[in-house]
Amino acid sequence: NPFNPVVNIDFNINKSMRLDLQVLSVNGGMIADLYDGFIYPGKYSFSWSPNNLPSGIYFIRVISSNFIQSRKVIYQK
């Protein structure tokens, strides 16, 4: 939702692992590190509030020992 000032990131984990959840700028710079640690199986929801950032394209990146996955997020004020 482009009018919601919070980005919700929901996902399921099926086995215990180390996880790093990051928000990156379109240039690859780190904007926020939402979680960095060990995580157990289950459903998770993280929120990111880009209050002082300009509208634009950002990337949510999940890094674990088994995979790296990125998703594009369009933030519009």
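It should be emphasised that the depicted structure is a prediction, and the values quoted were computed from it without experimental measurement.

K.L.:
When you look at the sheet that holds strand 2 (residues 17–25) in this model, what are you seeing that I'm missing?
P.N.:
What holds strands together in a sheet is hydrogen bonding between their backbones, with the strands either parallel or antiparallel. Pairing in this open sheet of four strands is antiparallel, and the strands run 3-2-5-6 from one edge to the other. A strand with exactly one partner marks an edge of an open sheet, and here the two such strands are strand 3 (30–39) and strand 6 (68–75). Recorded for the sheet is a direction-independent mean angle of 15° between the axes of neighbouring strands. Pairing analysis gives seven bridges linking strand 2 to strand 5 (residues 56–64), with the strands arranged antiparallel. Note on strand 5: the bridge partner recorded for serine 25 is tyrosine 58.

K.L.:
What's the story with the nonpolar core in this structure? I'm lost.
P.N.:
Side chains of nonpolar character tend, in soluble globular proteins, to be buried together. Counting residues in each nonpolar core, the largest one holds 17 residues, and the members touching the most others are Ile9, Phe11, Leu21, Trp48 and Ile60. At the level of elements, strand 1 (7–13), strand 2, strand 3, strand 4 (42–48), strand 5 and strand 6 are the ones that each hand at least two residues to this core. Discounting chain neighbours no more than four positions away, the residues touching phenylalanine 11 are Leu19, Leu21, Ile39, Gly42, Lys43, Tyr44 and Phe46.

K.L.:
How should the packing of aromatic side chains be read in this particular structure?
P.N.:
Describing an aromatic ring pair means giving the distance of the ring centres and the angle of the ring planes. For the structure on display, the rule yields six aromatic pairs. Aromatic pair phenylalanine 11 and tyrosine 44: ring centres 6.2 Å apart, planes at 25°, arrangement stacked. Taken as a pair, phenylalanine 11 in strand 1 and tyrosine 44 in strand 4 lie far apart in primary sequence, 33 residues in all. The buried category is assigned to phenylalanine 11, whose relative accessible area is 17%. When the ring of tryptophan 48 is compared with that of tyrosine 58, the centres are 5.5 Å apart and the planes differ by 70°; the resulting orientation is edge-to-face. Here tryptophan 48, found in strand 4, pairs with tyrosine 58, found in strand 5; they are ten residues apart in sequence, far enough to count as distant. For the pair formed by tryptophan 48 and tyrosine 58, the shared burial category is buried. Taken together, Phe11, Tyr35, Tyr44 and Phe46 form an aromatic cluster joined through their ring pairs.

Conventions adopted
- Residues numbered from 1 in each chain as written.
- Predicted model: local features only at pLDDT ≥ 70, side-chain atom pairs only at ≥ 80, totals over all residues.
- Heavy atoms only, no water.
- Pairing = 2+ DSSP bridges.
- Helix = DSSP H or I, 4+ residues; strand = E, 2+ residues; numbered from the N terminus.
- Axes fitted to C-alpha atoms, helices over the stretch in contact; angles between N-to-C directions.
- Core = buried A, V, L, I, M, F, W, Y, C linked by side-chain atoms within 4.5 Å.
- Buried < 20%, exposed > 50% of the residue type's maximum accessible area, 1.4 Å probe, protein only.
- Contact = heavy atoms within 4.5 Å.
- Phe/Tyr/Trp six-rings, centres within 6.5 Å; stacked < 30°, edge-to-face > 60°.

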